[in-house]
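Understanding the architecture of this molecule
Chain residues, written in single-letter form:
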Amino acid sequence: MEKTNYILHLDGDAFFASVEIAKNSSLKGKSVVVGRDKSIATAFSYEAKALGVQRGMPIFMVKKMCPQAIIVGSDFRSYELYSESMFSIIEKYVGSIQRYSIDECFADLGMRTFEEVANLLKRMQDDVTSQLGIGVSFGAGPTKVLAKLASKHKKPLGVTVINAENMSSVINEVPIGKVWGIGRSGTAFLHAQGINTVGNFISKPEWWIKENFSLPMREIWRELRGEKVFSVGGYNRVPDECVEPLKSISDTRSFRPFTSSVEPLLRELSKHLEAVCERARSHNLESRRVHFFIKDRFMRIHSAEVFLPAYTNVPHDIMPQIRKAFSQVHDSDMLYRASGVTLSEMRSVVVVQQDFFGNADRTGALRNVFKAVDKLTSKYGDGAVSLGSSFKKFPNQQANIFRRLPLPFHGVIAS
């Protein structure tokens, strides 16, 4: 059997609703809608979707359309716990993963046959379903864009592997707007050119693609044709917003040595915050709801939720709030081994206008600063410029930190 380098993509099936059903088995098979706390439908089961419930629909309309719906509030602590457990299961099979959101991840599977990959995905799916009671779909393909398309091909509980033999039958009829990274403006332009499906798009000659699109769209075209452009690890800056904007952005990792000290833990959280804010800015998104956690040496997660006074993607606006809430999760007698931060309740960035005298508010000024930071990061690599609060992790790691700094540049921003 011929081997190919496959990339995996995992996507939770109606993740928030699925977690609510896993917590309460009496909800299985019923129309479950998450959003009682915000008065709009933020997530829902496939049974509710079949009855016409849509994301963002006011709860009063949900009740009118679907009187049998069971409306529940959001429980982000549980979503984080299930997310951590789900990713831990996947890591047992594939080692390191790239977490894309609270219920999505990528992994490089290396060189394998089609049958090996299909069997692996099914085993992982069975493990997640049996251990956690939630549904997930898996996709795999020679590129990240194809893997993400594959995971959505047979939802829920789908397993789809794309290779050279079946690629055309799986992706050719997919609407072009469903492709990861092709935003509304890109979709509108392609429709105007008579390109409505992935098959229409990838059949275009390279000269036409180069003539009509900038580099990011050309890279998506190459990935859809099976040519690997995006690697697994870190994140990729995709053009425009996705057709389905990110619901959340997460960053988490374990560390050594284990510690109970407050400042090293806050430095870890600061580094996570830098990563998720940078990701949010790359997608032109901002958040006003933040969850953070620290995991103790017994693998128990201690988390807290922070509600911000305004939407932001600037870490300076968020880190002081995390510091204030940190005592809610920290026990000085406990050793901790991992941490993470999640941004949720996302929206597209709203530009703050200057006042009559031409003055911008503090957040607006900081956004300009971080635009420059993002340019430096793009040129010199992740970590080229760091927050002062996340520059040094653990005292005995200080010497190693400087060896890892990207050369020839490194800067620190006060925080």
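Position numbers for residues count from 1 along each chain, tracking the sequence in the order it is written. Where totals are concerned, whole chains, interfaces and linings use all residues; where local detail is concerned, this predicted model gives features only for residues with pLDDT of at least 70, and gives and counts side-chain atom pairs only at 80 or more. Derived side-chain values reflect all non-hydrogen atoms in the structure, with water molecules and hydrogen atoms excluded from consideration.

Topic: the nonpolar core
Here the nonpolar core consists of buried residues drawn from Ala, Val, Leu, Ile, Met, Phe, Trp, Tyr and Cys, with membership extended through side-chain atoms lying within 4.5 Å. Throughout this description, buried means an accessible area under 20% of the type-specific maximum (1.4 Å probe, protein chains only), exposed means over 50%, and partly exposed covers the range between. In terms of nonpolar packing, the biggest core is built from 37 residues, with Phe15 and Met86 touching the most fellow members. For this core, the secondary structure elements donating two or more residues are β1 (4–12), α1 (15–23), β2 (32–34), α4 (76–94), β6 (104–112), α5 (114–132) and β7 (136–141). Ranked by residue count, the leading element in this core is α4, at eight residues. In this analysis, two residues are considered to be in contact whenever any of their non-hydrogen atoms come within 4.5 Å of each other. Contact partners of Phe15, with chain neighbours within four places excluded, come to Tyr79, Tyr82, Ser83, Met86, Ile102, Asp103 and Ile134. Helix and strand definitions here come from DSSP, where helices need a minimum of 4 consecutive H or I residues and strands a minimum of 2 consecutive E residues; each element is numbered from the N-terminal end.

Observations regarding the confidence of the model for the protein chain
If pLDDT is low for a region, its predicted coordinates should not be looked at in detail. Values of pLDDT, the confidence the predictor places in each residue, fall between 0 and 100. Within the protein chain, residue pLDDT values average 83, and 81% of them lie at 70 or more. Overall, residues 353–360 carries pLDDT values under 50, and its contacts beyond four positions in sequence, including any with other chains, amount to two contacts. Confidence drops under a pLDDT of 50 for residues 378–382, and excluding neighbours within four residues, the segment shows nine contacts in the predicted structure.

What to know about the pattern of salt bridges
Every case where a carboxyl oxygen of Asp or Glu lies within 4 Å of a side-chain nitrogen of Lys or Arg is listed as a salt bridge. In total, this model carries 21 salt bridges according to the counting rule given. Ionic pairing is found between Lys155 and Asp13, a salt bridge with its closest N-O pair at 2.6 Å. Here the residue Lys155 occupies a position in the loop between α6 (144–151) and β8 (159–161), and Asp13 occupies one in the loop between β1 and α1, the gap between them amounting to 142 residues. A relative accessible area of 26% means that Lys155 is categorised as partly exposed. Shared partners join several salt bridges into a network, and the residues in it are Asp37, Arg288, Arg289, Glu305 and Glu345.

Some points on the sheet that holds strand β11 (residues 301–312)
The strands that make up a sheet pair up through hydrogen bonds in the backbone, lying either parallel or antiparallel. Note on pairing: DSSP must find at least two bridges between two strands before they are called paired. Sheet architecture is open: four strands sit in the order β9-β12-β10-β11, paired in antiparallel fashion. The strands lining the two open edges of the sheet, one partner per strand, are β9 (248–259) and β11. Each strand axis lies, on average, 15° off the axis of its neighbour in the sheet, ignoring direction. Axis definition: a line fitted to C-alpha atoms, limited for helices to the stretch in contact. Angles are taken between N-to-C directions and run from 0 to 180 degrees. Across the sheet, helix α12 (residues 262–282) lies against β9, β10 (285–296) and β12 (336–348), angled at about 155° from β9, the strand it touches most.

Brief notes about unusual backbone geometry
Generally, phi is negative for residues other than glycine and the peptide bonds are trans, each holding for most cases. A cis geometry characterises the amide bond from Lys155 onward to Pro156, with omega recorded as -5°. You can see Pro156 is positioned in the loop between α6 and β8. With a phi angle near 45°, Ala14 is a residue other than glycine that sits in the positive phi range. The residue Ala14 is located in the loop between β1 and α1 in this model.

Brief notes about the environment of Tyr311
On the secondary structure map, Tyr311 appears in strand β11. Judged by relative accessible area, which is 18%, Tyr311 ranks as buried. For the pair Tyr311 and Ser287, spaced 24 residues apart in sequence, the C-alpha to C-alpha distance is 4.9 Å. By the criterion applied in these results, polar contacts are pairs of N or O atoms within 3.5 Å in which, for protein atoms, one can donate a hydrogen and the other can accept it, and in which residues neighboring in sequence qualify only through two side-chain atoms. Among the polar contacts made by the side chain of Tyr311, one reaches the side chain of Arg288 at a distance of 3.4 Å.

Comments concerning a positive patch on the surface
Positive charge collects at one region of the surface, where Lys49, Arg55, Lys178 and Lys247 lie side by side. Within the secondary structure layout, Lys49 lies in helix α2 (residues 46–50). Exposure above 30% relative accessible area and the lack of any salt bridge qualify a residue for a patch; like charges then connect within 9 Å, and the nonpolar side chains Val, Leu, Ile, Met, Phe, Trp and Tyr within 5 Å. For every accessible area listed, the method is Shrake-Rupley and the probe measures 1.4 Å; residues are considered covered only by the protein chains on display. The sign given to each residue is positive for Lys and Arg and negative for Asp and Glu; His and the chain ends receive no count. By convention, the point assigned to a charge is CZ for Arg, NZ for Lys, CD for Glu and CG for Asp.

A word on the packing of aromatic side chains
Only Phe, Tyr and Trp rings are paired, with Trp represented by its six-membered ring, and only when their centres lie within 6.5 Å; those with planes under 30 degrees apart are stacked, over 60 edge-to-face, the remainder tilted. Evaluation of the coordinates by the stated rule reveals eight aromatic pairs. Considering the side-chain rings of Phe16 and Tyr79, the 4.2 Å spacing of their centres and the 5° angle between planes classify their relative orientation as stacked. Linking Phe16 in helix α1 with Tyr79 in helix α4, this pair joins segments that are 63 residues apart in sequence. Both residues of the pair, Phe16 and Tyr79, belong to the buried class. A ring pair is formed by Tyr100 and Phe106, whose centres lie 6.0 Å apart and whose planes are at 80°; its orientation type is edge-to-face. Taken individually, Tyr100 and Phe106 each receive the classification buried, so the pair is uniform in this respect. These aromatic residues form a ring-pair network of at least three members: Phe15, Phe16, Phe76 and Tyr79.

Some details on helix α8 (residues 184–192)
When α8 is considered as a whole, its buried residues turn out to be Gly186, Thr187 and Leu190. Summarising the axial view, the buried residues of α8 lie within an arc of 100°, below the 170-degree limit, and thus occupy one face. Those residues of α8 that are exposed and aimed more than 90 degrees away from the buried face are Arg184 and Ala192. Following α8 by one or two positions, Gly194 adopts a phi angle in the positive range, close to 80°. To obtain the arc, one takes the directions from the helix axis to the C-beta atoms.

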